[in-house]
Amino acid sequence: MVRLPSANARQSVRAGRLPWPFASSGGVSRGGASLCRAASLLAWGMALVAGCAGWSAPPKGATPPDAAAWVKRATSADSRIPYFATMHTHIAAGTGYTESTARIWRNGARQRIEYGPAAAPQRILLDDGAHVRWLDPQTRTVTLAATGRRSPQVDLLLKNYRAAWDGSGVIAGRPSRILRLTPLHPPGPSRRLWLDRATALTLRTDSFSADGALQSSSFALSVTFRPKLTADRFRVPSGWRETALPADPPRWTLATLSERVGIPLIGLARPPAGFRLDEMALTQTGSGVPSAHLRYTDGMNSLSLFEHPYPRAGGGMGRGMGRGMGRGRGMGRGRRGSGVSETVGEPCVLLAGQAGRSLRIFGEDRVYILVADLPERALRAVAATLK
């Protein structure tokens, strides 16, 4: 049995960089990073909430509904029913954890999330499906960015993960049916969902890393369907100062990104089983060197490949490379050599709070950095395809 800290034990949420997919070219205040990681977890659980509200549990003793079909239907229907929910999230952080409580209002494409105490929210997110606004009540300022919401890749998820019922339990006093998502191509992360027997509402989502460690747990404290929601609930209060809307990032191809980075990008010729290229982006190392970010996914897990030039004759790039490409140790140090060298990073925290490990590889003219929730053996196997 997994034991979590009491929901009554409040700890401050640590500040940090805004993680993908909430990052934008304009940047956002550092104070909301862990809250953003909680938002990405809440999004998964609540995507299942609304779509399942209309499903009725079968009579006792009857065959349960098909788990895979339910996941596919639920994740495509999260905007069909208005709701208000209070969610609490625990996220593993080193030897301890962080936790936060959020209140979510959803009506169609519009969404409002408040973090912190109900009487004095620390941060507020307004999302209309196209743009997201982060509100800081303390400074009465608003930061605009492209929406962090993405269409669920349910077909890809179900190609790579097995959905199966996994017993029953009681959450918040309500009998629940447990659904488990496990990788068909292990190793990989997994998730466990507690579904209310009466409504199929997702009452709790536990996320596990590839080594089986519990990384986060997000559970509903209360949910109300079809509440009275006024338009003001999703508007910015008058008198608040808004920043300029950042320009949308370009749609990169390998050719255009190679030209911008300055080297012909290679990418992964043979991604791990089930993974496919999801997106490409331009970033930079801690020392300001342009770097390509190629992100692969299997529907749940992510594998990031950073690739940037490494001029061996120039010097000055041995330390500090990779900072800002993810969060965690092991990506900023390495050694130069005449051939290919490897530096295995310590366990780190990936973007969006996902647990993982990093590996840096030195080539003749470039540096690769791999980051994924995979054991060292599997990460090295991916790295071998780059040589």
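Residues numbered from 1 in each chain as written. Predicted model: local features only at pLDDT ≥ 70, side-chain atom pairs only at ≥ 80, totals over all residues. Heavy atoms only, no water.

Caption draft 1: Highlighting the confidence of the model for the protein. Scored by pLDDT, the protein comes out at a mean of 74, with 68% of its residues at no less than 70. Predicted confidence for residues 1-57 stays below pLDDT 50, and this span has 142 contacts to residues more than four positions away or in other chains. Low pLDDT, under 50, characterises residues 313-354; the stretch is placed with 129 contacts to residues that sit more than four places away or in other chains. (pLDDT = per-residue confidence, 0-100. Contact = heavy atoms within 4.5 Å.)

Caption draft 2: Region of the structure containing unusual backbone geometry. In this chain, P186 is followed by P187 through a cis amide linkage whose omega measures 5 degrees. Despite not being glycine, R140 has its phi angle at roughly 55 degrees, a positive value. Within the fold, R140 resides in the loop between strand 5 (131-136) and strand 6 (141-146). Overall, R140 belongs to the partly exposed group, its relative accessible area being 43%. Even without a glycine there, the phi angle at R226 is positive, about 55 degrees. As for its placement among the helices and strands, R226 is situated in the loop between strand 11 (214-225) and strand 12 (241-242). By relative accessible area, which is 60% here, R226 ends up exposed. (Helix = DSSP H or I, 4+ residues; strand = E, 2+ residues; numbered from the N terminus. Buried < 20%, exposed > 50% of the residue type's maximum accessible area, 1.4 Å probe, protein only.)

Caption draft 3: Geometry of the pairing of strand 7 (residues 161-171). The pairing of strand 7 with strand 8 (residues 174-183) spans 9 bridges and is classified as antiparallel. Paired with A163 across the strands is L181, a residue of strand 8. (Pairing = 2+ DSSP bridges.)

Caption draft 4: Structural context of the packing of aromatic side chains. Evaluation of the coordinates by the stated rule reveals 3 aromatic pairs. Geometry around W165 places R177 over its ring, the cationic atom sitting 5.7 Å from the centre. (Phe/Tyr/Trp six-rings, centres within 6.5 Å; stacked < 30°, edge-to-face > 60°. Lys NZ or Arg CZ within 6 Å of the ring centre and 35° of its normal.)

Caption draft 5: Examining the side chain of R366 more closely. Structurally, the position occupied by R366 is in strand 18 (residues 366-372). Residue classification places R366 among the buried residues on the basis of a relative accessible area of 5%. In terms of polar contacts, R366 uses its side chain to reach the backbone carbonyl oxygen of P264, at 2.8 Å. A polar contact of 3.0 Å, which involves the side chain of R366, links it to the side chain of D365. Ignoring anything within four residues of it in the chain, the contact list for R366 reads I263, P264, L265, I266, E307, H308, P309, Y310 and I361. (Polar contact = N/O pair within 3.5 Å; in protein donor to acceptor, adjacent residues only side chain to side chain.)

Caption draft 6: Structural view of the nonpolar core. Counting residues in each nonpolar core, the largest one holds 23 residues, and the members touching the most others are L268, L303, L305 and L370. For this core, the secondary-structure elements that each account for two or more residues are helix 4 (254-261), strand 14 (290-297), strand 15 (302-309), strand 17 (355-362), strand 18 and helix 5 (376-384). In terms of residue count, the dominant contributor to this core is helix 5 (4 residues). Ignoring anything within four residues of it in the chain, the contact list for L370 reads L268, L303, S304, L305, R357, S358, L359, I361, L379, V382, A383 and L386. (Core = buried A, V, L, I, M, F, W, Y, C linked by side-chain atoms within 4.5 Å.)

Caption draft 7: Layout of the pattern of salt bridges. With the rule as written, the count across this model stands at 10 salt bridges. Taking the shortest distance from any N to any O, the salt bridge between D206 and R204 comes out at 3.0 Å. In terms of burial, D206 and R204 fall into one category: buried. Notably, a salt bridge pairs D365 with R366, separated by 3.0 Å at the nearest N-O pair. Here D365 falls in the partly exposed class, since its relative accessible area comes to 38%. Counted as one network, the salt bridges with shared partners bring together R103, R112 and E114. (Salt bridge = Lys/Arg side-chain N within 4 Å of Asp/Glu carboxyl O.)

Caption draft 8: Layout of the pairing of strand 3 (residues 110-115). When you tally the buried positions in strand 3, you get 5 out of 6 residues, the bulk of the element. Bridge count for strand 2 (residues 96-107) against strand 3 is 6 bridges, and the pairing is antiparallel. Across the sheet, the residue bridging to W105 is R112, located in strand 3. Hairpin connection of strand 2 to strand 3: 2 residues between the antiparallel strands, including G108 at a positive phi of 65 degrees. With 5 bridges connecting them, strand 3 and strand 4 (residues 123-127) associate as antiparallel partners.

Caption draft 9: Quick peek at the sheet that holds strand 5. Taken together, the 12 strands give an open sheet; going across it, the order is 7-8-9-10-11-1-2-3-4-5-6-12, and neighbouring strands pair in mixed fashion. Strand pairing shows two members of the sheet lacking a second neighbour, strand 7 and strand 12, which therefore form its edges. Of the pairings in the sheet, the one linking strand 4 to strand 5 comprises 4 bridges and is antiparallel in character. Within the sheet, the bridge partner assigned to L126 lies in strand 5 and is R133.

Caption draft 10: Quick peek at the side chain of N160. Take N160: it is sitting in helix 3 (residues 154-160). Contact partners of N160, with chain neighbours within four places excluded, come to T182, P183, L184, H185, G274 and D298.

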